[in-house]
Amino acid sequence: MKKTYNIAVVGLGQVGIYLLNELNTKKKSIETKTGSRINLVAISAKNIKKKRKFKFNKKIFYTNPLEILKKHKVDILFEAIGLSDGVSKKIVEKALKSKIHVITPNKALISKHGNYLAKLAEKNNVNLEFEASVAGGIPILRSIKEGLATNKISKIYGILNGTSNYILSEMENSNQKFNDVLIKAQKLGYAEPGNPKLDLNGFDAFAKVRILSALAFNSKISNHKCLMEGIEKIELKDIKIANQLDLRIKLLGITELKKNQLFETVHPCLVNKKSYIGNVNGVMNAVILEGKPVGESILQGEGAGPGPTSSSLLSDLLSILRGNIKKPFGTPFAQLKALKSYNINNYTNSLYLRFEVRDRPGVLSQITNRLAKYKISVKRLIQTPDKKTNKATIVIITHKTSEINSKNCLSIFKKNENILKTPTLIRVLG
Ligand SMILES: NC(=O)c1ccc[n+]([C@@H]2O[C@H](COP(=O)([O-])OP(=O)(O)OC[C@H]3O[C@@H](n4cnc5c(N)ncnc54)[C@H](OP(=O)(O)O)[C@@H]3O)[C@@H](O)[C@H]2O)c1
């Protein structure tokens, strides 16, 4: 006899409502592929009267998701409310404790409470699945957990936030400033209308980096203080200069083992325009993984949006229906390592530095002397004077230097009256 799994979906926003429609239209194919039936027993959102894109059965609607667990026997719960705390954490916690499998796209929840929730899932012998929390429709977590399971992964990096990537690409294509492109992104639904901050300041990409690290390095989700910068300070001017230098700016998430210590970061990076990563544009995401013996693997696809997200949510569902009871991070929680943090001061990169200065004799030498004092050698220098304003733009590409060295070197320029604003610093990949 075919087993029937009772399903509940909490959160009927962009993701939840699209998922409901998918569950409905793919019911037969899910049954054929897994040999199990699914039966939607309850749904939940805050406002029952809200107009939604797809039809749903109001008889099974709850405004309090916690009520569902009191009234129904649920086997699998989808949490698509969002945020790391509050009702989303409560319902996931309660479900796992009640031996209900949980599937969620909520990276904020997993990156903050993943260790605790994974332990809870294992204790209760149920699945906690979160494929959709990283890179939308790209099956990166399952690839690490299954396809690449025996590899020794040394580094994962990539474009993990579609909103930022769209804004950077569109600034270059349309020659428009950051704020104008942000408005466009909001109109197109690529950036949140109310508060796009978490996409733009690097936080969203950083939550994904933390999840990737845990899976890649068989470690607990870290809570180290890390280097996190978003794209808010990127100016059209930098995009144009980068273009002239055959470079392109990308917001990269990076996680790496350096001397067995964990190094996680998110920051804008200058990459070669002809490189693979330099050509991942618009809302696309890409993840590049380096491992042994597999070598370099690349996965690219749509990193957000209800369609790609639902694709990952359904892959989690099928995994559960096929009876794959797994450890949330691939390795039993008790055997996950607590990795030490790599010292950020030692992070080494070539730098792009842009100085806006008064066009006076001696200003350039003040800058280069200061760099020389810190043994930062210049690879390339472009000076563009503006005769009308008596100002000049000086762009310097340096050879590699450490984070602490560049910080100490640049700090003095804040006090220099010939230097009109804090110098722009963008790290160069490679
Ligand atoms: N959107 C994407 O492209 C995307 C991609 C990847 C991952 N995700 C993740 O997916 C999750 C959901 O995102 P979303 O874009 O679908 O969010 P959303 O559109 O804001 O939807 C949130 C849903 O949660 C409901 N909700 C809020 N508070 C609730 C409460 N106390 N009780 C019951 N329901 C409540 C809302 O109800 P009302 O509708 O009644 O207001 C709404 O239906 C988030 O974790 C997000 O990070 C989203």
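Residues numbered from 1 in each chain as written. Predicted model: local features only at pLDDT ≥ 70, side-chain atom pairs only at ≥ 80, totals over all residues.

Q: Would you mind going over unusual backbone geometry with me for this structure?
A: A negative phi angle is the norm for most residues apart from glycine, just as the trans form is the norm for most peptide bonds. Here Lys292 and Pro293 are connected by a cis peptide whose omega angle stands at 5°. Looking at where Pro293 falls in the secondary structure, it is placed in the loop between β11 (284-292) and β12 (295-302). Phi angles above zero are rare outside glycine, and Lys259 is one such case at about 50°. As for its placement among the helices and strands, Lys259 is situated in the loop between β9 (247-258) and β10 (261-272). In this structure, Asn260 takes a positive phi of about 65° despite not being glycine. Within the secondary structure, Asn260 sits in the loop between β9 and β10. (Helix = DSSP H or I, 4+ residues; strand = E, 2+ residues; numbered from the N terminus.)

Q: For this particular structure, what's the right way to read the packing of helix α7 (residues 162-174) against helix α8 (residues 178-187)?
A: When two helices pack together, their arrangement is captured by the angle between the axes and the distance separating the axes. Put simply, α7 and α8 touch, their axes get as near as 9 Å, and they point 120° apart. Of the possible angle classes, the one that applies to α7 and α8 is oblique. Every pair of crossing elements has a handedness; the one defined by α7 and α8 is right-handed. Across from Thr163, Tyr166, Ile167, Glu170, Met171 and Ser174 in α7, the residues of α8 making contact are Phe178, Val181, Leu182, Lys184 and Ala185. When the residues that make up the contact of α7 with α8 are grouped by side-chain class, the tally is seven nonpolar, two polar and two charged. (Axes fitted to C-alpha atoms, helices over the stretch in contact; angles between N-to-C directions. Parallel < 35°, antiparallel > 145°, perpendicular 65-115°, else oblique. Left-handed = near helix turned anticlockwise from the far one by under 90°. Contact = placed C-beta atoms within 7 Å. Nonpolar A, V, L, I, M, F, W, Y, C, P; charged D, E, K, R; others polar.)

Q: I'm lost on the sheet that holds strand β5 (residues 101-103) in this one. Help?
A: Neighbouring strands of a sheet are bound in pairs by backbone hydrogen bonds; such pairs are parallel or else antiparallel. Judged by pairing direction, the sheet is parallel, and its six strands sit side by side in the order β3-β2-β1-β4-β5-β6 without closing on themselves. Of all the strands in the sheet, the pair left with one neighbour each is β3 (61-62) and β6 (128-129). Sheet strands touched by helix α4 (residues 87-97): β1 (3-10), β4 (76-79), β5 and β6. Its angle to β4, the strand with the most contacts, is close to 165°. (Pairing = 2+ DSSP bridges.)

Q: Looking at this structure, how should I read the nonpolar core?
A: Soluble, globular proteins show a tendency: their nonpolar side chains are buried together. Counting residues in each nonpolar core, the largest one holds 116 residues, and the members touching the most others are Val9 and Leu96. The greatest single-element share of this core, amounting to nine residues, is contributed by helix α10 (residues 203-216). Setting aside residues no more than four positions away along its own chain, Leu96 makes contact with Val102, Leu117, Leu120, Ala121, Asn124, Val126 and Leu128. (Core = buried A, V, L, I, M, F, W, Y, C linked by C-beta atoms within 7 Å. Buried ≥ 20, exposed ≤ 12 C-beta atoms within 10 Å, placed from the backbone.)

Q: Where do I start with the site of the ligand in this structure?
A: Taken together, the neighbourhood of the ligand is formed by 26 residues, with Gly13, Val15, Lys46, Gly82 and Asn106 sitting nearest. Looking at the shell around the ligand, the elements that each hand over two or more residues are α1 (14-25) and α12 (306-321). Among the elements that make up the shell around the ligand, the one with the highest residue count is α1 (three residues). Its residues assigned to classes, the shell around the ligand shows twelve nonpolar, eleven polar and three charged. (Near = placed C-beta within 6 Å.)

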